[in-house]
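# Descriptive structure summary
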Amino acid sequence: MHAPFYNRRSFLVSAGLSAAALATGSSGLIRPAMAASGLAPTQSMRGGSNNYRPGAPLVDSLGSGFHVTGKVLNAADGQPLDGVRIQIWAATTLGGEREPKNHGSVLTQSDGSFALEMEQIVPNFGQPHAHLAYDDGAYQTVFLRPVMGSPSDTSVSADFVLAAA
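First things first, this report covers the structure right here in the doc.

Reading the values: rules and limits
Residues numbered from 1 in each chain as written. Predicted model: local features only at pLDDT ≥ 70, side-chain atom pairs only at ≥ 80, totals over all residues. Heavy atoms only, no water. Pairing = 2+ DSSP bridges. Helix = DSSP H or I, 4+ residues; strand = E, 2+ residues; numbered from the N terminus. Axes fitted to C-alpha atoms, helices over the stretch in contact; angles between N-to-C directions. Core = buried A, V, L, I, M, F, W, Y, C linked by side-chain atoms within 4.5 Å. Buried < 20%, exposed > 50% of the residue type's maximum accessible area, 1.4 Å probe, protein only. Contact = heavy atoms within 4.5 Å. Phe/Tyr/Trp six-rings, centres within 6.5 Å; stacked < 30°, edge-to-face > 60°.

### Describing the sheet that holds strand β3 (residues 103-107)
Here four strands make up an open sheet; going across it, the order is β3-β2-β5-β6 and the pairing antiparallel. For this open sheet the edge positions go to β3 and β6 (142-144), each flanked by a neighbour on one side alone. Sheet twist, expressed as the average angle between the axes of neighbouring strands with direction ignored, equals 20°. Of the strand pairs in this sheet, strand β2 (residues 85-90) and β3 are connected by five bridges, and their pairing is antiparallel. Across the sheet, residue Q87 finds its bridge partner in β3, namely S105.

Dropping the structure here:
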């Protein structure tokens, strides 16, 4: 019978691979970088910036029947952000995402919440979805593209955790 050959190099390689497997496995020892508040900054979603318009006007509503809501927090301390501009756009019963009637911005309230009522969102490229963006410069730009579960849904919500620029 042949005895296995062990040396320092094989031991270190085995130990390193075992540690990497443990750290990335179901134990979740490795997590995204988090701010001191324990909140990870929101990452932009793929496709979120499609048909974005810098400086979309502040609006009270873009129609009725569909509600877009969310909350905006500061990643550094977890506190709600007041007066933050969030742009919202989507394909609705009024037309596609490029339609000016489907683009508008709102400001967050003192509790960090925002809300916009608009016309019913309709599927675009097979999926009913909204687009939301933060891009005013004090924090890192974030584009979100939440997909609705069904074209008959009458609301969608998306939250932002913003990191300083």
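### Re the nonpolar core
Looking at soluble globular proteins, one finds that nonpolar side chains tend to be buried together. I86, I88, L132, F160 and L162 are the most contacted members of the largest nonpolar core, which has 25 residues in total. Residues within four places of I86 in sequence aside, it is in contact with V72, G104, S105, V106, T108, F114, L132, A133, Y134 and F160.

### Section: the packing of aromatic side chains
Under the defined criterion, the tally for this structure stands at four aromatic pairs. Taking the centre distance of 5.8 Å and the plane angle of 55° together, the rings of Y52 and W89 count as tilted. A residue pair is termed long-range when its members are at least 10 positions apart, and Y52 in the loop between α1 (8-24) and β1 (66-74) and W89 in strand β2 qualify at 37 residues. Accessibility classification places Y52 together with W89 in one group, the buried group. Members of the aromatic cluster, connected to one another through ring pairs, are Y52, W89 and F143.

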